[in-house]
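Report on the structure
The lines below spell out each chain.
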Amino acid sequence: MARWCYRHRLVVLLLWVGALVGVGFSASSAGTNYANVFSLPDTDSKTAYDLMEKAFPNTSGDTDTVVWKADSGSVTDQAVQDRVRPALDKIAKLPGVGAVSSPYAGARGSAQISKDGTIAYAQLTFTKRANEIPKEQVQKVLDTAQAAERDGLQVELGGQAIQRVQEPPQGLSEMVGIIAAAVVLFLAFGSFFAMTLPIAIAVFGVGMGLFSTQLLSHTTDIPDIAPLLASLIGLGVGIDYALFIVTRHRRGILRGMDPEESAVTALNTSGRAVLFAGGTVCIALAGMLVTRLAFLQGVVIATSLTVVLSVLAATTLLPALLGFLGPRVLSRRQRRRLAAEGPEPEKASGLAARWSANVEKRPRRIAALAVVVMAVLAIPVLSLRLGATDQGNDDASTTTRKAYDLLAEGFGPGFNGPLQVVSVGGDTAKLVQGLQSTPGVDQVAELPPAQGVTVIQVVPTTSPQSKETDDLIDTLRDQVIPKAGAEAHVGGVTAVSKDFASVTGDRLPLFIATIITLGFLLLLVAFRSLVVPLTAAVMNLIAAAASFGVLVAVFQWGWGLDLLGLGKEGPINAFLPVIMLSLLFGLSMDYQVFLVSRMHEEWVHTKDNARAVRVGLAETSRVINSAALIMVCVFLAFVLSGDSGAAMAGVGLAAAVALDAFILRTALVPAAMHLLGNSNWWLPAWLDKRLPHLAVEPQETPAPEPGAAPAGPATAIHGFVRTADGDPVEDASVTLMSKGGRQLDRVTSLADGSYIVSVPAPGAYLLAVTSASYGSKARHVTVAEGPVVYDVELSGDEVDAVS
C-alpha cells in the first residue's frame, strides 16, 4: 500500500483534498447540533426533569440573565429605570429572544430585586438552545444591555449563550498548538519540508474528523466539548505518528537507501507500529462505553473517529507527500554530507546514549528517585472531588463571572444553582413547610402547578459547587421529602451535576479495570511476555495518579490559576477522569509500544536483556521525548480555548504526557527492566502456544546463535579492515544491518584487521565499520549463495557518522 501511494502520489493527494473540501462544505451547510446530555436514567434528577418537560414543554429555550447594580441609591430609582427599561424592551424585540421577565413589570417582579435594593436581574428566554443561537444575535443582546451602563450603574450578563460569545475565536488553541509543534519539529529535523509533513497530516486528520463529527451531531447526541477534545487528541497523535514514520524514513535515506525504498520500509516498520498504537488509543477510548454514560458516547465517537482518520492520513497521505519531497526530506547540510561522505551507519550517540548507559549503571537509584517524584505529585489526588464547573469558575474579567458574583452578592451564593423539587402527589403545603425549616435552605418558592405537577424552587445558602449543597440534596431526598409524605424528586442543574458525579465515581473502577485489562492483553500478544504488560499497567496507574494530583493542585486548590488566567478554583469536572484516563492510557501505550518494540527487537537477536534495554532506550528516547514535547505544547494550547473543561483536559493531559515520557518511559521503565533482567521476556510455553501472533513490526531472520544449525542458506562476509597505507586496523567495530536498518551481527576486528560476520540468507545488506581512530564507513553489500570477501579501507580524515 505504501509503494502504491508513493508512486500514485498525485492521485492520493487529490483524493484527500477532495474529501476534505467535500466533507467541509457539507458540514458548513448543515451547521451544528451539539447536545449535552448529562441526565442519567434511573436517577432522581432525571425523573424530575422528565416530569417538568411533560408539564412545562415550552421552556426548552436557553435562559440567560441580565444583572445590574446601582452603586448609590436603589435600582428602583427613576434614573436607573430610565436606563434599563428601554434596553430590556429593545432586547425583547431582537431576533431569537422569546421573552424577557423584568423586575419592573408584573406582580412577581419585586422578587427579582435584592433586599437592599441595589441589585436586580431580568431573565431572557431565547427561542432555541444556547448552541443553536447564532452568535450575532447573542452579541446584539450583549451590546444592547451593556449600552445601558453609566457611571454608578454596572450591567453584566450571564448564561450559556452569553458564555459562547466571549469565548476566544474558534481554532485559536489549535493554531497556537500547531505553531508550537512546528517549532519543535523544525528543531528536531532541521528541515522546513520535513517539519511541514507531520503538520499536514495532523491538519488533514483533524479537519476530516471535526467535519465528520459536525455532520454526525445531527444524527446522535454529541456534546459541544467533543470537537475540542477530538482536536486535542487528533493534533497530538496525528503529529506524533507522522513524526515516527518521517524519522524512520530520514534514517533510511541517511543510510544510503533509495527514497522510495526508504519510504516503503518506514511505512512497513514504523507504519505498522502506528497502526497498532492507533488501535490501542481507540480501544482505550472505547473503554468509556462501559460506563454507560450518554454524555461520553458522543465523546467516544468524535475522538475515535479523529484518531482513525489521523492514522489513515499517516499511512496513505504521508507516503504520497514523501514521494513529492524525495531526498528534500533531509536538511541541506545532511544532503551535502550524504553526497560527500556516503551513507551513515546506525549508531546511537550523544545525550541519549549517555543517559541510557547511566540508567544501566544505576537502575536502583534512578528508579527510586522517579518513584519518589511521582508519589509526591500524586499526593493531592487524595482530596479529589468530582463535580461540575459553572460560570463562577470563569475568569474574573468576563461578564459571565461578574454577573455570577453580582447574583451571589444580591441574592445569596445558592441563587446561581437553585434546586427544583418536583412534586406529583402528597401534601405539598407540608413539603414546602419542611423545606423552609431545613438547615442550608435560604429561599423556597412554590410555582403555580400544571398538569398535576408542582415545582418548588429551593435556593440553598451555599454555592452550587460546595460540598454543603451536595449534602443538602441528600438531606432533601433521604429525610425531608419522605417525612412530608410527598411523592417528589429533586432536580435542577446542580442536582443533575451531583448525580452525574456520583454515577461516574461509582463506575470509574469498572472502567479502569476494563482499559487496564485490554491494554495488558494487547501488549501480551505483541511482545510475548507477562512482565512487560504488567509493568506497563503499573506505570499507567502511576502516571494517572500523578497527573490527577497536578490537576487537583491547579484547578481544585487554585495553584497557578491566576498565572494561567483560568478563573476560580472548584471541583474537577465529573466527566474528566474517564476522558483523561482513556486518552492517557492510549497515549502512554503508544510510547510503550515504540520503546519496548525496539527493545524486543534487540532481545530477539541477542538474548541479552541489558543490551536490549540499553539500545532500545538510546535509539528511541530522543524521538519519544520530541513527540511528548509536541503533545505537551498542543495540549497546553487548549488553555486558550475558553472552555473550562477543555482547559482542564489540556493541563491534565500535558502533565500526564510529560510525566509519562520524561520520567516513566525514559527513567523508571528502563530502570525496572534492568532490575528484572531476563524475566522481562518470560512467557509460559503453554500460553505461548495458545496466543495469536501479532508482530508490531515485520520480522526479519535473526543471526544464527553460535553452534546452532543454520535455518537456511546462511553464509558470511569476511575480509580485512585496513588504513589507506595498508596497515591493519585493530578493534574496529563491524556491524551487519538489514536493508531496513536492523542489526544482524556485530564483531570487532582482530590484530591483523580481519573480521567475519554471519549472514542469515542471500540478499542486500549494509556493512558499517567504525573505528575511534579512523572514523566510519558504510557500504551496501550484496550476498549470493557463498561467502563474500569484502575489504574495508578507512582513512584518518573521516569522521564518526551519527544517524
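Conventions and cut-offs
Residues numbered from 1 in each chain as written. Predicted model: local features only at pLDDT ≥ 70, side-chain atom pairs only at ≥ 80, totals over all residues. Heavy atoms only, no water. Helix = DSSP H or I, 4+ residues; strand = E, 2+ residues; numbered from the N terminus. Contact = heavy atoms within 4.5 Å. Areas by Shrake-Rupley, 256 points an atom, 1.4 Å probe, with all protein chains shown as cover. Buried < 20%, exposed > 50% of the residue type's maximum accessible area, 1.4 Å probe, protein only. Polar contact = N/O pair within 3.5 Å; in protein donor to acceptor, adjacent residues only side chain to side chain. Core = buried A, V, L, I, M, F, W, Y, C linked by side-chain atoms within 4.5 Å. Axes fitted to C-alpha atoms, helices over the stretch in contact; angles between N-to-C directions. Parallel < 35°, antiparallel > 145°, perpendicular 65-115°, else oblique. Left-handed = near helix turned anticlockwise from the far one by under 90°. Nonpolar A, V, L, I, M, F, W, Y, C, P; charged D, E, K, R; others polar. Patch = residues over 30% accessible without salt bridge, like charges linked within 9 Å, V, L, I, M, F, W, Y side chains within 5 Å. Salt bridge = Lys/Arg side-chain N within 4 Å of Asp/Glu carboxyl O. pLDDT = per-residue confidence, 0-100. Expected span 1.5 Å × (residues − 1). Phe/Tyr/Trp six-rings, centres within 6.5 Å; stacked < 30°, edge-to-face > 60°. Pairing = 2+ DSSP bridges.

Each helix and strand in the protein was counted, giving 24 helices and 18 strands. By principal-axis analysis of the C-alpha atoms, the protein measures approximately 110 × 50 × 45 Å. Taking the contacts inside the protein whose residues are at least 6 apart along the sequence as the reference set, 77% of them involve residues at least 24 apart. Taken as a whole, the protein presents about 33200 Å² of accessible surface, with 58% of it coming from carbon and sulfur.

Within the secondary structure layout, Ser 529 lies in the loop between α18 (493-527) and α19 (531-556). Take Ser 529: its relative accessible area is 0%, and that puts it in the buried class. A distance of 3.1 Å separates a polar atom in the side chain of Ser 529 from the backbone nitrogen of Val 532. Filtering out sequence-adjacent residues up to four positions away, Ser 529 remains in contact with Leu 524, Asn 680, Trp 681, Trp 682 and Leu 683.

With that settled, consider the nonpolar core. Of all hydrophobic cores here, the largest spans 156 residues; its most connected members are Met 288, Tyr 591 and Phe 635. The greatest single-element share of this core, amounting to 18 residues, is contributed by helix α23 (residues 644-676). Those residues in contact with Tyr 591 that sit more than four places away from it in its chain are Asp 240, Phe 244, Ile 624, Ala 627, Ala 628, Met 631, Val 657, Asp 660, Ala 661 and Arg 665. Among the nonpolar cores identified, the runner-up in size contains 27 residues, and Val 97, Val 138, Ala 161 and Val 165 belong to it.

Here helix α4 (residues 78-92) crosses helix α5 (residues 135-146) at 165 degrees, and the two axes come no closer than 9 Å. On the basis of the axis angle, α4 is roughly antiparallel to α5. For the element pair α4 and α5, the recorded crossing hand is right-handed. Residues Ala 87, Lys 90 and Ile 91 of α4 lie in contact with α5, whose contacting residues are Val 141, Thr 144 and Ala 145. Of the residues in the contact of α4 with α5, the class split is 4 nonpolar, 1 polar and 1 charged.

There is a patch of nonpolar side chains on the surface, built from Met 175, Ile 179, Val 183, Phe 186, Leu 187, Phe 192 and Phe 193 and spanning about 730 Å² of accessible area. Listing elements by their share of the nonpolar patch, those giving two or more residues are α7 (172-189) and α8 (192-216). Take the nonpolar patch: its biggest share by element is 5 residues, from α7. Following the sequence through the fold, Phe 192 ends up in helix α8.

A separate point is the confidence of the model for the protein. The share of residues in the protein with pLDDT of 70 or more is 92%, and the mean pLDDT across the chain is 84. Mean pLDDT in the protein bottoms out at helix α20 (residues 561-564), which sits at 74, and peaks at helix α14 (residues 363-378), which reaches 95. Low pLDDT (under 50) marks residues 797-803, which in the prediction has 25 contacts with non-local residues, meaning those over four places away or in another chain.

Let's shift gears to unusual backbone geometry. Even without a glycine there, the phi angle at Gln 451 is positive, about 50 degrees. Mapped onto the elements, Gln 451 comes out in the loop between β7 (441-446) and β8 (454-460). The class of Gln 451 is exposed, set by a relative accessible area of 61%. In this model, Asp 731 sits at a positive phi of 65 degrees, which is unusual for a non-glycine residue. Judged by relative accessible area, which is 55%, Asp 731 ranks as exposed.

What follows concerns helix α9 (residues 226-254). In an α-helix, one turn spans 3.6 residues, which is why side chains three or four residues apart end up on the same side. With 29 residues, α9 should cover 42 Å at 1.5 Å per step; its first-to-last C-alpha distance of 41 Å lies within 8% of that length. Gly 256, located one to two residues past α9, shows a positive phi value of around 95 degrees.

Moving on to the packing of aromatic side chains. Applying the stated rule across the entire model yields 8 aromatic pairs. Three or more aromatic residues joined by ring pairs form one cluster here, namely Tyr 121, Phe 411 and Phe 415.

With that settled, the discussion passes to the sheet that holds strand β16 (residues 775-783). Strand order in this open sheet of 4 strands is β13-β12-β15-β16, and the pairing throughout is antiparallel. Two strands lie at the open edges of the sheet, namely β13 (743-748) and β16, each paired on one side alone. Strand-to-strand twist across the sheet, computed as the mean angle between neighbouring axes with direction ignored, equals 20 degrees. As judged from the 5 bridges shared by strand β12 (residues 733-737) and strand β15 (residues 763-771), these two strands associate in the antiparallel manner. In the sheet register, Leu 736 faces β15, and the bridge partner there is Leu 767.

Among the secondary structure elements, Ile 473 is positioned in helix α17 (residues 467-484). A C-alpha to C-alpha distance of 10.0 Å links Ile 473 and Gly 440, two positions 33 residues apart in sequence. Beyond its immediate chain neighbours, meaning those up to four positions away, Ile 473 contacts Leu 419, Val 490, Thr 494, Ala 495 and Lys 498.

A few words now on the environment of Val 593. Within the fold, Val 593 resides in helix α21 (residues 576-606). In this structure the C-alpha to C-alpha distance between Val 593 and Gln 465, which are 128 residues apart in sequence, comes to 41 Å.

Moving on, we come to the packing of α18 against α21. Here α18 crosses α21 at 15 degrees, and the two axes come no closer than 11 Å. Taken together, the axis directions place α18 and α21 in an arrangement best described as roughly parallel. Taken as a pair, α18 and α21 cross one another with a handedness that is right-handed. On α21, the residues touching Thr 504, Leu 508, Phe 511, Ile 512, Ile 515, Ile 516, Gly 519, Leu 523 and Phe 527 of α18 are Pro 577, Val 578, Leu 581, Ser 582, Phe 585, Met 589, Gln 592, Val 593, Val 596, Ser 597 and His 600.

Moving on, we come to the environment of Ala 628. Take Ala 628: it is sitting in helix α22 (residues 609-637). Residue class for Ala 628 comes out buried when judged on its relative accessible area of 0%. For Ala 628 and Ala 353, which are 275 residues apart along the polypeptide, the C-alpha to C-alpha distance reads 19 Å. Setting aside residues no more than four positions away along its own chain, Ala 628 makes contact with Asp 240, Tyr 591, Val 657, Ala 661 and Phe 662.

Moving on, we get to α17. Taking 1.5 Å as the rise per residue, α17 with 18 residues should run 26 Å; its terminal C-alpha atoms sit 25 Å apart, in good agreement. All of the buried residues along α17 are Thr 469, Asp 470, Leu 472, Ile 473, Leu 476, Arg 477, Val 480, Ile 481 and Ala 484. Looking one or two places after α17, you find Gly 485, whose phi comes out positive at around 70 degrees.

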